[in-house]
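Now for the letters of each chain:
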Amino acid sequence: MLGWTGTFLNIDLTKKKAIPEQYPEALALNFLGGRGFAVKILWDRLKQGTDPLSPENKLIFATGPLTGIGLPNSGKLVVASKSPLTGGYGDGNTGTLAAVYLRKAGYDALIVEGKSESPVVVHVNGKDTEFIDARDLWGLSAFEAEGQLRRKYGRSVGIVSIGQGGENQVKFANVVSQGGRAGGRPGMGAVMGSKNLKAAVIEGTAQIPLADPDGMRKLAIDGYREILAKPQYSFWKRQGTMSTVEWSQANSALPTFNYRQGVFDKAEEIGGFAMEKIKVSNRGCPQCNMTCGNVVKDSEGKEAELDYENVIMLGSNVGLGNLAQVSTLNRMADEFGLDSISLGNSIGFAMEASEKGLINEKIEWGDFEKLKQLINDIAHRRGLGAVLAEGVRAASETIGNGSSDWAMHVKGLEVSAYDCHDAPGMALAYGTSSIGAHHKDAWVITWETKVGRASYDQMKVDHLVEVQLVRGGVFEALVSCRFPNNQLGFELDWYQRYLKAATGKDFSLEQLKGIGDRILTLIRAFWVREYREKWSRSLDVPPARWFKEPLKEGAAKGAVLDLEKYNGMLNAYYVKRGWDNRGIPKPSTLQQLGLTEEAKQLGTYVKLAEENPPVISTPAQNTPFP
Ligand code: SF4
């Protein structure tokens, strides 16, 4: 096999064994890598109904056929598992040298299962794997743990680790690398913690097998040059995603006070230009020349890394308008290994609960000291922090009193940083995202603003599906960053040429989208398999707040989503995907995608249907955890 190493490394933490496995070429050709490998492995090897925090769950670190090659934006891996936060498929991608060295060690993926008796670090060095006692690292932040490991192993290794959030199995703990690159929002860090795995250190020196190494070298140089020459490049380097703050404010999409307003009176103070005043450098993923991590000095004089999502969720959504303080909260989130989006969302929920007198704790909007304390309490599961550590869906079930209407999640994953009172297309993107309410697969809101926010039409459905197949399917399977394409206009045919040079095979754009469709459909099948009789189309409906409570401020004041029209769009979405009107893939769709065996297996858990059975739609929050 060229392009792929053709090998996975299976690690059993209970038995302290590492066993390489040659996998068939058909798997690579049908699923490419990254998210594609992850969902196929979970589907085939994870028993239905597995407790996500049990030793039986699998934690997968998966690369793609372009990973580790000196190409633009290819230094990433996908970390995936059955999610303890949502009970469905969970993953995230993160830029890390661990991705590069995993491929140089000779592997396309690590598949970790079991549980170590005591804290452990796995050290993969080419063909050798050792299990190192990590009791001295347990209790340290992700930064401290990586720092110690780097001092021991040097610069030529990749390291992923968890902080106290992962150790304490906070349901939205993530996996951290290189002082602030983090991934795996739906609790991949908690899964790692449940296995007593503090960190993985990966090194290797093997050549990645390529079909055309010389051609690849030239293509890589040309690609970097092309990115540098894009008109938006210099502004991107200045602000990265931060300029979205001003855009969201102008377009009533800025989550504020737990998604009540869409605008924030201190937006300018936490926006892209304010950030430039405290910025000290750029940081980024390996092999990237767009380095979008904005490194700033925080309120304590320490370095923190900012982007749009983390600034908004720990800024306007919790009523905090001081960027240096927002930076401190973000650094804390990274050190503890907590997903900053879910963290800010959960805290916004708690602040509203406090305001409404539903909890005893008094937490004022924007109270910096209380925010710091609460983040600490969540990471260590203390007091109210223990309730919020379960995520907003579970917290709203605990608090009750109608709070599920304003617990801002889809399928248990907290909504990321776009208010959708006035954006039905983006609401549908959240509703149908592969992991719950995340924007990565289909960030369509700026496009939707150009074509008109008000409509609920077929054009939006068609565009959404197209974007999901490319970004959620192709890019997540290649494990290549989507930003060159969607921010700077780096054309998709570059990736076809890269694939040809890596694998020797021609992939048309339609074939790649077909692979994306296969992956996203199998992810949907996985959700349905895990939820079984609790699966319902209401899981694809975003939070009730957006349907019931009109925006109170801003240009779109009074805007609210229409549930009936949303359901119409959802029906059209299902038709487009070949799913029935419960959101379950039809047998014929699964077969067309080459998922015939999977169709049979899914059919043993739920009744599959070619025709649409009758359904009832309700907002998502009423759906209990499976
Ligand atoms: S653009 Fe940003 S997220 Fe993408 S690879 Fe570069 S640093 Fe990483």
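For the structure, check the block above.
The shown structure was predicted, so the numbers you read here are calculated from the model rather than taken from an experiment. (Residues numbered from 1 in each chain as written. Predicted model: local features only at pLDDT ≥ 70, side-chain atom pairs only at ≥ 80, totals over all residues. Heavy atoms only, no water.)

Describing the site of the ligand
Taken together, the residues surrounding the ligand are Asn73, Lys76, Arg181, Gly284, Cys285, Cys288, Met290, Thr291, Cys292, Cys481 and Phe483. The residue inventory of the shell around the ligand, partitioned by class, reads six nonpolar, three polar and two charged. (Near = heavy atom within 4 Å. Nonpolar A, V, L, I, M, F, W, Y, C, P; charged D, E, K, R; others polar.)

Thoughts on the sheet that holds strand β13 (residues 279-283)
In space, the three strands of this open sheet follow the order β13-β14-β15, with antiparallel pairing throughout. Each having just a single partner strand, β13 and β15 (303-306) make up the two edges of the open sheet. When the angles between neighbouring strand axes are averaged without regard to direction, this sheet yields 35°. Relative to β15, strand β14 (residues 293-297) is paired through four bridges, and the arrangement is antiparallel. (Pairing = 2+ DSSP bridges. Helix = DSSP H or I, 4+ residues; strand = E, 2+ residues; numbered from the N terminus. Axes fitted to C-alpha atoms, helices over the stretch in contact; angles between N-to-C directions.)

Description of the side chain of His123
Positionally, His123 belongs in strand β7 (residues 120-125). Here Glu130 takes part through its side chain, which lies 2.7 Å from a polar atom of the side chain of His123. One polar contact links His123 to Glu203, side chain to side chain, over a distance of 2.7 Å. Ignoring any residue separated from it by four or fewer positions in sequence, one finds His123 in contact with Asp128, Thr129, Glu130, Ile132, Tyr153, Val201 and Glu203. (Polar contact = N/O pair within 3.5 Å; in protein donor to acceptor, adjacent residues only side chain to side chain. Contact = heavy atoms within 4.5 Å.)

Things to note about helix α13 (residues 340-355)
When the terminal C-alpha atoms of α13 are compared, their 22 Å separation across 16 residues agrees well with the 22 Å that a helix rising 1.5 Å per residue should span. Judged by how many residues are buried, α13 sits mostly within the fold: 15 of 16 residues are covered. The positive-phi residue at the C-terminal boundary of α13 is Gly357, with phi of around 75°. (Expected span 1.5 Å × (residues − 1). Buried < 20%, exposed > 50% of the residue type's maximum accessible area, 1.4 Å probe, protein only.)

Examining the nonpolar core
Proteins that are soluble and globular tend to have nonpolar side chains buried together. Counting residues in each nonpolar core, the largest one holds 165 residues, and the members touching the most others are Phe37, Tyr89 and Ile378. The contact partners of Ile378, leaving out residues within four places of it in the chain, are Val170, Phe172, Leu338, Leu343, Ile347, Gly385, Leu388 and Ala389. If you look at the next biggest cluster of nonpolar residues, it comprises 27 residues, including Leu77, Ile162, Met188 and Leu197. (Core = buried A, V, L, I, M, F, W, Y, C linked by side-chain atoms within 4.5 Å.)

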